[in-house]
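# Working through the structure, step by step
In case you want the letters, here they are:
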Amino acid sequence: LMERGASLDLRDPSTGNTPLHALISKGRVIAAQDVVRAGADASLTNDRGETPAAAARRRRMDEEFVSFLEHAAAAAAAKRLAEAEAKAREREEYR
């Protein structure tokens, strides 16, 4: 699916789960890591307010994997912040 351009952050309308949440719920650690490395946003929450890292921790998955997800979430959040700041600067330049 990734090779065909599927959205890595598409949400299930009934749960708010992303493909990353779904992989974690099925215990698919390697596939989840692959999806994150391909660009999935690990900071997105589902309708319960649960990040993928929180879901993995709740399922008692390996702490190293949880840490990987937490770092990926922090990087995704930092990227969004940098993009928002760049847009704000761009708007200021056009005033």
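Residues numbered from 1 in each chain as written. Predicted model: local features only at pLDDT ≥ 70, side-chain atom pairs only at ≥ 80, totals over all residues. Heavy atoms only, no water.

### Some points on the packing of aromatic side chains
A full pass over the atoms with the stated rule returns one aromatic pair. Between Phe65 and Phe68, the aromatic rings sit 6.5 Å apart at their centres with planes inclined by 15°, giving stacked as the arrangement. One end of the pair, Phe65, and the other, Phe68, are both in helix H4 (residues 63-93), three residues apart, so they sit about a helical turn from each other. The class of Phe65 is buried, set by a relative accessible area of 2%. (Phe/Tyr/Trp six-rings, centres within 6.5 Å; stacked < 30°, edge-to-face > 60°. Helix = DSSP H or I, 4+ residues; strand = E, 2+ residues; numbered from the N terminus. Buried < 20%, exposed > 50% of the residue type's maximum accessible area, 1.4 Å probe, protein only.)

### A few points about the nonpolar core
Ranked by size, the top nonpolar core spans 19 residues in total, and within it Leu20, Ile24, Ala32, Ala56, Phe65 and Leu69 carry the most contacts. When contributions to this core are tallied by element, the ones reaching two or more residues are helix H1 (19-25), helix H2 (29-37), helix H3 (52-58) and H4. By residue number, the principal contributor to this core is H4, which donates five residues. Among residues more than four places away in sequence, those in contact with Leu20 are Ala32, Val36, Ala42, Pro52 and Leu69. (Core = buried A, V, L, I, M, F, W, Y, C linked by side-chain atoms within 4.5 Å. Contact = heavy atoms within 4.5 Å.)

### Overview of the side chain of His21
Considering the arrangement of structural elements, one finds His21 in helix H1. Among the polar contacts listed, one links the side chain of His21 to the backbone oxygen of Glu50, at a separation of 2.8 Å. (Polar contact = N/O pair within 3.5 Å; in protein donor to acceptor, adjacent residues only side chain to side chain.)

### Section: the confidence of the model for the chain
Predicted coordinates in regions of low pLDDT should not be interpreted in detail. Per-residue confidence for the chain gives a mean pLDDT of 93; residues scoring 70 or more make up 95%. Taken element by element, the chain is modelled with least confidence in H4, mean pLDDT 93, and with most confidence in H3, mean pLDDT 98. (pLDDT = per-residue confidence, 0-100.)

### Here's the deal with the pattern of salt bridges
A complete count under the given rule lists five salt bridges for this structure. Put simply, Glu70 and Arg57 hold a salt bridge, and the shortest N to O gap is 2.9 Å. Here Glu70 is found in helix H4, whereas its partner Arg57 is found in helix H3, with 13 residues between them in sequence. A relative accessible area of 38% places Arg57 in the partly exposed class. (Salt bridge = Lys/Arg side-chain N within 4 Å of Asp/Glu carboxyl O.)

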